[in-house]
Amino acid sequence: MSASSRAPFRLAVLCVSSGALAVLGACSSSKAPEEPEFDHGLKKPIVRKLRAELKETPCDKAKAQEHAQLLLTTGDLKGVTKASDDFAAAGCGANVVLLQLSYTAHARLEQKEGALKAATALVEAQPTNASYRVWRGLSQEALGKTEDAAADYQKAFELQPDQRPILNALLKAYETLNRPCDALAAYQRYVQAKPTEANKSDVKEAMQVLASKTTCPVDLGGDAGTTEASPTP
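The notes below deal with the structure included here. (Residues numbered from 1 in each chain as written. Predicted model: local features only at pLDDT ≥ 70, side-chain atom pairs only at ≥ 80, totals over all residues. Heavy atoms only, no water.)

### Digging into the layout of surface pockets
What counts is decided by this rule: The way it works is a 1 Å grid over only the protein atoms, where trapped points that fit a 1.4 Å probe form a cavity and open points with protein on both sides within 12 Å along at least five of seven lines form a pocket, and then any residue with an atom within 4 Å of a point lines it. Grid points are joined across faces, edges and corners, and a volume is the space filled by probe spheres set on the points. Labels follow the DSSP assignment, with helices taken as runs of H or I lasting at least four residues and strands as runs of E lasting at least two, numbered in each case from the N terminus. Each residue is assigned to one class: nonpolar for Ala, Val, Leu, Ile, Met, Phe, Trp, Tyr, Cys and Pro, charged for Asp, Glu, Lys and Arg, and polar for all the others, Gly among them.
In this structure, the largest pocket encloses a volume near 570 Å³. Within the residue set of the lining of the largest pocket, elements represented by two or more residues are helix H2 (44-56), helix H3 (61-74) and helix H4 (77-89). Per element, the largest residue contribution to the lining of the largest pocket is 7 residues, and it comes from H4. Residues of the lining of the largest pocket, tallied by class, amount to 10 nonpolar, 4 polar and 8 charged.

Pasting the structure below:
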């Protein structure tokens, strides 16, 4: 092999060595420029102070929460998610407040996977909290995981069957999944938990519409009594 033919090979070897990257930009691949530091404005000194203190005591729960909340008020959403991740990475255990802030930041950034991760951690920390089930359901629905979303909405509904917003989220998922019998059962459970809703026109009409599409038994509530739905033509 001639000296001239060996030259490209030698250049390639130099380019993959760590020291060669700084040589006059000779290699095509180089380290991406770092993202500029977020401008925290007038709150910059306290942000720096809290960060310095957290380096010394990374598992200080109160300081970690104060730091993340401060970042959220300045609009530093990426900083909020990093603060939560750093706390977890330090082996400090679950911090519900940090996870709430992380979920909020991920949702605002439209980072669906990140929001799902934070919501899942919240559910694992407090499995009987209906709100966290709804948050995870929303995250899963955003990712097209409607079956999983419905399961979380259903669990949230079982925990708080008198809450119309939870019912609405569950009904929407069941409509997408074409599960009218489950939707009808949810309405029945809702009016049992909140009898004052049974005779409301919108509730009765919605139940009657579902009943017309299914062969499921339906309790229409009020004076309607129990009836058997007609099969879909």
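Having put the structure on the table, let's press on.
### Considering the environment of Ala-185
Stated formally: For each residue, the accessible area found with a 1.4 Å probe, counting protein chains only, is set against the maximum for its type, and the residue is called buried under 20%, exposed over 50%, and partly exposed in between.
By secondary structure assignment, the location of Ala-185 is in helix H10 (residues 180-193). For Ala-185, a relative accessible area of 38% translates into the label partly exposed.

### Section: the pattern of salt bridges
This is how the line gets drawn: Any Lys or Arg side-chain nitrogen located within 4 Å of an Asp or Glu carboxyl oxygen qualifies as a salt bridge.
Applying the stated criterion across every chain, the model contains 12 salt bridges. Residue Arg-164 pairs with Asp-202 through a salt bridge whose shortest N-O separation is 3.4 Å. Of this pair, Arg-164 sits in helix H9 (residues 164-176) while Asp-202 sits in helix H11 (residues 201-213); the two residues are 38 residues apart in sequence, bridging distant segments of the chain. Its relative accessible area of 39% is what places Asp-202 among the partly exposed residues. Across the pair Arg-179 and Asp-182 runs a salt bridge whose closest N-O atoms are separated by 2.7 Å. When its relative accessible area of 25% is taken as the criterion, Arg-179 is described as partly exposed. Residue Asp-182 is classed as partly exposed on the basis of its relative accessible area of 31%.

### Some details on the packing of helix H5 (residues 96-108) against helix H6 (residues 112-125)
Put simply, the test is: Lines fitted to C-alpha atoms define the axes, with helix axes restricted to the stretch in contact, and inter-axis angles between N-to-C directions lie between 0 and 180 degrees. Working rule for angles: under 35 degrees goes down as roughly parallel, over 145 as roughly antiparallel, 65 to 115 as roughly perpendicular, anything else as oblique. Crossings are sorted by hand: turned counterclockwise from the far helix by less than a right angle, the near helix makes the crossing left-handed, and turned clockwise it makes it right-handed. Between two residues, a contact is recorded if the distance between any of their heavy atoms is within 4.5 Å.
Orientation of H5 relative to H6, taken along the N-to-C sense of each, is 155°, at an axis distance of 8 Å. What the angle tells us is that H5 and H6 run roughly antiparallel. Our pair here, H5 against H6, has a crossing hand that is left-handed. Here Val-96, Leu-99, Gln-100, Ser-102, Tyr-103, His-106 and Ala-107 of H5 lie close against H6, whose contacting residues are Gly-114, Ala-115, Ala-118, Ala-119, Ala-121, Leu-122 and Ala-125.

### With respect to the nonpolar core
How we decide: To form a nonpolar core, buried Ala, Val, Leu, Ile, Met, Phe, Trp, Tyr and Cys residues must be joined to one another through side-chain atoms within 4.5 Å.
Counting residues in each nonpolar core, the largest one holds 25 residues, and the members touching the most others are Tyr-153, Phe-157, Leu-167 and Tyr-187. Those elements that place two or more of their residues in this core are helix H7 (130-142), helix H8 (146-159), H9, H10 and H11. No other element matches H9, which puts 7 residues into this core. Ignoring sequence-local partners within four residues, the contact set of Tyr-153 consists of Val-134, Gly-137, Leu-138, Glu-141, Ile-166, Ala-169, Leu-170 and Ala-173. Ranked by size, the runner-up nonpolar core spans 16 residues in total, among them Val-47, Ala-64, Cys-92 and Leu-101.

### Some points on the packing of aromatic side chains
Operational definition: Centres within 6.5 Å make a pair out of two Phe, Tyr or Trp rings, where for Trp the six-membered ring is used; the pair is then stacked when the planes are under 30 degrees apart, edge-to-face when over 60, and tilted otherwise.
A full pass over the atoms with the stated rule returns 2 aromatic pairs. Between Tyr-132 and Trp-135, the ring centres sit 5.4 Å apart and the planes meet at 55°, which makes this aromatic pair tilted. One end of the pair, Tyr-132, and the other, Trp-135, are both in helix H7, 3 residues apart, so they sit about a helical turn from each other. With relative accessibility at 4%, the residue Tyr-132 sits in the buried group. Owing to a relative accessible area of 24%, Trp-135 belongs among the partly exposed residues under this scheme. Of the aromatic side chains, those joined through ring pairs into one cluster are Tyr-103, Tyr-132 and Trp-135.

### Notes on the state of the cysteines
As a reminder, the rule being used: The term disulfide is used for any two cysteine sulfur atoms that are within 2.5 Å.
Throughout the structure, instances matching the rule amount to 1 disulfide. Disulfide pairing is shown between Cys-59 and Cys-92; the S-S distance is 1.9 Å. Taking the sign of the S-S torsion, -80° for the link of Cys-59 and Cys-92, the bridge is left-handed. Taken together, the residues Cys-59 in the loop between H2 and H3 and Cys-92 in the loop between H4 and H5 connect sequence positions 33 residues apart. On the basis of relative accessibility, which here comes to 40%, the residue Cys-59 falls in the partly exposed class.

### Considerations on the environment of Arg-136
On the secondary structure map, Arg-136 appears in helix H7. When the C-alpha atoms of Arg-136 and Leu-116 are compared, they prove to be 5.8 Å apart, with 20 residues separating the residues in sequence. Each residue touching Arg-136, except ones within four places of it in the same chain, is listed here: Leu-116, Ala-119, Thr-120, Val-123 and Asp-152.

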